Amino acid sequence: MERLLQDLRFGARVLLKRPGFTLSAVLTLALGIGANTAIFSVVNAVLLRPLPYPGAERLVAVFETTQSIPRDYISVANLRDYRAQTAAFEGFTTFVPQSVNLTGVGEPDRVRGGFVTSSFFPLLGARAAEGRTFLPEEDEPGRGRVAVLTHGLWQRRFGGDPSVVGKALTLNAEPYTVVGIMPEDFRFPMDEIEVWLPATAWPNYKDDRALHNSFVIGKLREGATRPRAEEELRTVAARLAAAYPKENEGRGVEVVAFHELLVEDVRPALLVLLAAVGLILLIACANIANLLLARGAARQREVALRAALGAGRGRLLRQFLTETVLLALAGGAAGLLLALWGVDFLLALAPGQLPGAGRVALDARVLGFSLALTLATGLGFGLVPALKLSRADVNSTLKEGGGRAGGGGRRRARSAFVVAQVALALVLLVAAGLLINSFYRVLSVSPGFDPENLLTLEYRLPRNKYAKGEDQWAFHRQVVERVRGVPGVTSAAVIRALPFSGNGSTIAYALPGRPAPAPGQEPRAQENAAHPGYFETVGLPVLRGRVFEERDGAEAPPVVVVNRLMAEQSWPGEDPLGKQIHFPEVKITATVVGVVGDAKQYTLGEAQRPQVYTAYAQNPHIFATLVARTGVEPMSLARAVTEAVWSVDPEQPVWKVRTVEHLLGESVAGRRFVLTLMIGFAALAVLLTALGIYGVVSYTVAQRTHEIGVRVALGARRRDVLGLVLRQGLGLALLGVGLGVPVALALTRLLSSLLYGVSASDPATYAAVTLLLAAVALLACYLPARRATRVDPMEALRYE
């Protein structure tokens, strides 16, 4: 212990004697350790930490599967059989997120509702902070007129008044009794729910075996495994297919860990970012190792004297490692401070759909990771310099006065570190280049319509107030007429599911006269219901025939408009106009009257799918999305358009008032998040690499001052000296590129799921990165090379 304290005191004195070196090393380490800590805090919260519920590791999501729908929802009737005929599950619950109208409490509002069975809260181990949650008897139809508020809604709309429990609340124009309020820290990770309602209060909760519309969560019993549970469910599914072939033939079952379901889309991106900051830290370690080797030249005499006085190599090695660990601890402390800021930056930059973002913090696991990383870093960048410097040649060093004893080995080590830096930087630059290329290609994809100057909002009519289809259509039509009269609005329409809003559905279809597909293998198309003016309003081109007109009313023959892709796939080489499509799920056969262009529905990067549009008047619904094209900045008309809706019904809430351009931006938010960070990491890698090359070449020039003086004295010209120095630096850079390319080819394949329209081995990206690194290396070499050309041979020879 006494020797350790001596080493620590001596190491601290050595570092304080050279504040410039110490500060630069600490800052470099702080960047590397801080970035790793910040990214790991996100990875920890999103991927590693279990969900905040008792027994969360036993929560699973249960899907039915068909050939055309890999993960389909489950019917209420099927779920009842699964519950009764399996033993591996502690229980099941359903979850359906759907917004509801809140009226009678100030201005009409639209809040996010979660429809669940009474088993939902017990399965999550959640209790109400005030009142209670749902009772089993409230799962029965007609008895579910109760509500549980989240803490946020309770505070926002009721001012935290505890007396609200037991009072009536008007939701979707119907009275509900508030029976409980959830704790402030209760969150359900799939949606920002504001009010919980019994599943039977959901309008589409029907005991219909053909209606597969319930998302099911199960909880395994203690000791049960997912494979066993899945096998039980598949056995039941086979029985259901035999007993009810019309509704269940061809349906399988998949059981997915609930936490895995939540993070499966973001896992690749987070792991790529974690790997990227790991490479940054390796580059930083190589930089500091080079600095330590450079300092070693000035400490050769000190090492030789200590060795001559009896210090063994082990003692010297321990002393050098103590110094590097002290340096790393200082860098780690500074890195934690940077990580505190970095976490806030990441959360501000992260897309809103990042699961677990609210739990990101520098907790004990993150601090432990940071400490372990700091110690590993100190040993990692200090080991090679310590081994080199502790090998003291006492006689030659003391005779030469500390000149260049052992310098050849250190020069080779410094050169190896630079080569490694270049190789690692190339990997990061290639990854960033591929993501930039991919992002540019995504942005260059046309959504299929003109998104500029489009304002949109959503609303859902209360079913008990607008029960009939003609009443629903009359409301939508009046809204469109009122909005068209708002000054600044040039056109308006309603659509069931506006592209990029996150809404959408599919429908199975059949072509009369063609062989009927087997159950579960029917082709499906994206289905939408459109107002006659929708296509003109959004600028979706009409390619053939016509779109909907006022004559396409409820009493007229059913008509549909299809997109170009569906027309080409369904009737190749034929005229699609006049063709018929049968929709078995709704038992309707409609005639194709027009073909419009293809439009993306969810993201710009998705594969185009067949689309079918029905006339809103013939297929009315309580839900609608209003879209208005404006001649001015769209959001400046938000209030006027909202009031136009209220002029039809002052109690009708509206929500999600935004522009379509905003929706487009949100659709690429995840890609932008990864791209922004990767560009920052790549830029930092280039900077550290440039400093590394500059340091090695500068050190070499200083060591070869005598040689350069002799060359100049013998007639070497400036360009000869310049070429001599540049060749050395560029040689190291090219060697690093040569080693980095195969590494990049192997590692960037992990980016495949994040790329669009570009291969992970894209030659143009590799060529651009190679040229960029060559230019950086040239600049880093040129500065010391220019200094070498100014060496005065007389001064150099006199100095030597």
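Reading the values: the criteria
Residues numbered from 1 in each chain as written. Predicted model: local features only at pLDDT ≥ 70, side-chain atom pairs only at ≥ 80, totals over all residues. Heavy atoms only, no water. Helix = DSSP H or I, 4+ residues; strand = E, 2+ residues; numbered from the N terminus. Areas by Shrake-Rupley, 256 points an atom, 1.4 Å probe, with all protein chains shown as cover. Patch = residues over 30% accessible without salt bridge, like charges linked within 9 Å, V, L, I, M, F, W, Y side chains within 5 Å. Salt bridge = Lys/Arg side-chain N within 4 Å of Asp/Glu carboxyl O. Core = buried A, V, L, I, M, F, W, Y, C linked by side-chain atoms within 4.5 Å. Buried < 20%, exposed > 50% of the residue type's maximum accessible area, 1.4 Å probe, protein only. Contact = heavy atoms within 4.5 Å. 1 Å grid on protein atoms, 1.4 Å probe; cavity = no way out; pocket = protein on both sides within 12 Å on 5 of 7 lines; lining within 4 Å. Points joined across faces, edges and corners; volume = space filled by probe spheres on them. Nonpolar A, V, L, I, M, F, W, Y, C, P; charged D, E, K, R; others polar. Polar contact = N/O pair within 3.5 Å; in protein donor to acceptor, adjacent residues only side chain to side chain. Pairing = 2+ DSSP bridges. Phe/Tyr/Trp six-rings, centres within 6.5 Å; stacked < 30°, edge-to-face > 60°. Lys NZ or Arg CZ within 6 Å of the ring centre and 35° of its normal.

Draft legend 1. Seen up close, the overall build of the chain. Counting secondary structure elements, the chain contains 24 helices and 21 strands. With the model as given, the accessible surface of the chain reaches about 34900 Å², and the carbon-plus-sulfur share is 58%.

Draft legend 2. Representation of unusual backbone geometry. Here the phi dihedral of asparagine 453 falls at roughly 55°; this positive angle occurs in a residue that is not glycine. Of note in this structure, lysine 656 is not a glycine but carries a positive phi near 50°. You can see lysine 656 is positioned in strand 21 (residues 655-659).

Draft legend 3. Layout of a nonpolar patch on the surface. A contiguous nonpolar patch, built from Tyr694, Leu779, Tyr782 and Leu783 and spanning about 360 Å² of accessible area, is present on the exposed surface. Here the nonpolar patch takes three residues from helix 23 (residues 763-788), the largest share from any one element.

Draft legend 4. Geometry of the nonpolar core. Formed by 130 residues in total, the largest nonpolar core has its most connected members in Trp196, Phe258, Tyr534, Phe535, Tyr613 and Met678. Residue contributions to this core peak at 16 residues, all from helix 14 (residues 407-443). Not counting residues within four places of it along the chain, the set of residues in contact with methionine 678 comprises Val272, Leu273, Ala276, Leu428, Ala431, Ala432 and Leu435. By size, the runner-up hydrophobic cluster in this structure holds 27 residues, among which are Trp473, Phe475, Val489 and Leu626.

Draft legend 5. Local environment of empty space enclosed by the protein. Enumeration over the complete set of coordinates arrives at three cavities of 30 Å³ or more. Put simply, the second largest cavity is a space of about 70 Å³. Secondary-structure elements contributing two or more residues to the lining of the second largest cavity are strand 14 (524-530) and strand 19 (611-615). Partitioned by chemical class, the residues of the lining of the second largest cavity number three nonpolar, six polar and one charged.

Draft legend 6. Inspection of the side chain of glutamate 458 at higher detail. Of note, glutamate 458 is situated in strand 11 (residues 454-460). Taking the relative accessible area as the measure of exposure, glutamate 458 reaches 3% and is therefore buried. Only 3.1 Å separates the side chain of glutamate 458 from the side chain of asparagine 503, close enough to count as a polar contact. Setting aside residues no more than four positions away along its own chain, glutamate 458 makes contact with Ser501, Asn503, Phe623, Ala624, Thr625, Val654, Trp655, Lys656 and Arg658.

Draft legend 7. Structural context of the pairing of strand 9 (residues 215-220). Strand 9 sits mainly inside the fold: six of its six residues count as buried. By the alternation rule, side chains of strand 9 split into Phe215, Ile217 and Lys219 and Val216, Gly218 and Leu220, which are all buried.

Draft legend 8. Quick look at the pairing of strand 3 (residues 109-116). Here strand 3 lies mainly inside the structure; eight of its eight residues are buried. Burial along strand 3 is two-sided: the residues Asp109, Val111, Gly113 and Phe115 and Arg110, Arg112, Gly114 and Val116 are all buried. As paired strands, strand 2 (residues 89-103) and strand 3 are joined by eight bridges and run antiparallel to one another. Counterpart to proline 97 in the pairing with strand 3 is glycine 114. The hairpin formed by strand 2 and strand 3 contains five residues between the paired strands, and glycine 104 there has a positive phi angle of roughly 85°.

Draft legend 9. View of the packing of aromatic side chains. For the structure on display, the rule yields 24 aromatic pairs. Relative to phenylalanine 475, the ring of tyrosine 466 has its centre 5.3 Å away and its plane inclined at 65°; by these criteria the two rings are edge-to-face. The pair formed by tyrosine 466 and phenylalanine 475 is uniform in burial state, with each residue classed as buried. Connected via pairs of aromatic rings, a cluster forms that spans Tyr53, Phe95, Phe120, Phe121, Phe134, Phe186, Phe188, Trp196 and Phe258. Seen from the ring of tyrosine 244, arginine 209 lies directly overhead, with NZ or CZ sitting 3.9 Å from the centre. In this arrangement the basic side chain of lysine 656 is found over the ring face of tryptophan 655, its NZ or CZ atom lying 4.7 Å from the centre.

Draft legend 10. Expanded view of the side chain of glutamine 98. You can see glutamine 98 is positioned in strand 2. Since its relative accessible area comes to 12%, glutamine 98 is described here as buried. For glutamine 98, the residues in contact, after removing those within four places along its chain, are Arg112, Gly113, Phe115, Trp202, Pro203 and Arg460.

Draft legend 11. Focus on the environment of alanine 530. With respect to the helices, strands and loops of the structure, alanine 530 is situated in strand 14. Alanine 530 sits in the buried class, given a relative accessible area of 0%. Counting along the chain gives 35 residues from alanine 530 to isoleucine 495, while the straight-line C-alpha distance between them is 4.6 Å. Excluding anything up to four places from it in sequence, alanine 530 contacts Val494, Ile495, Phe535, Phe548, Tyr613, Thr614, Ala615 and Tyr616.

In short, shape yes, function no, at least from these values alone.
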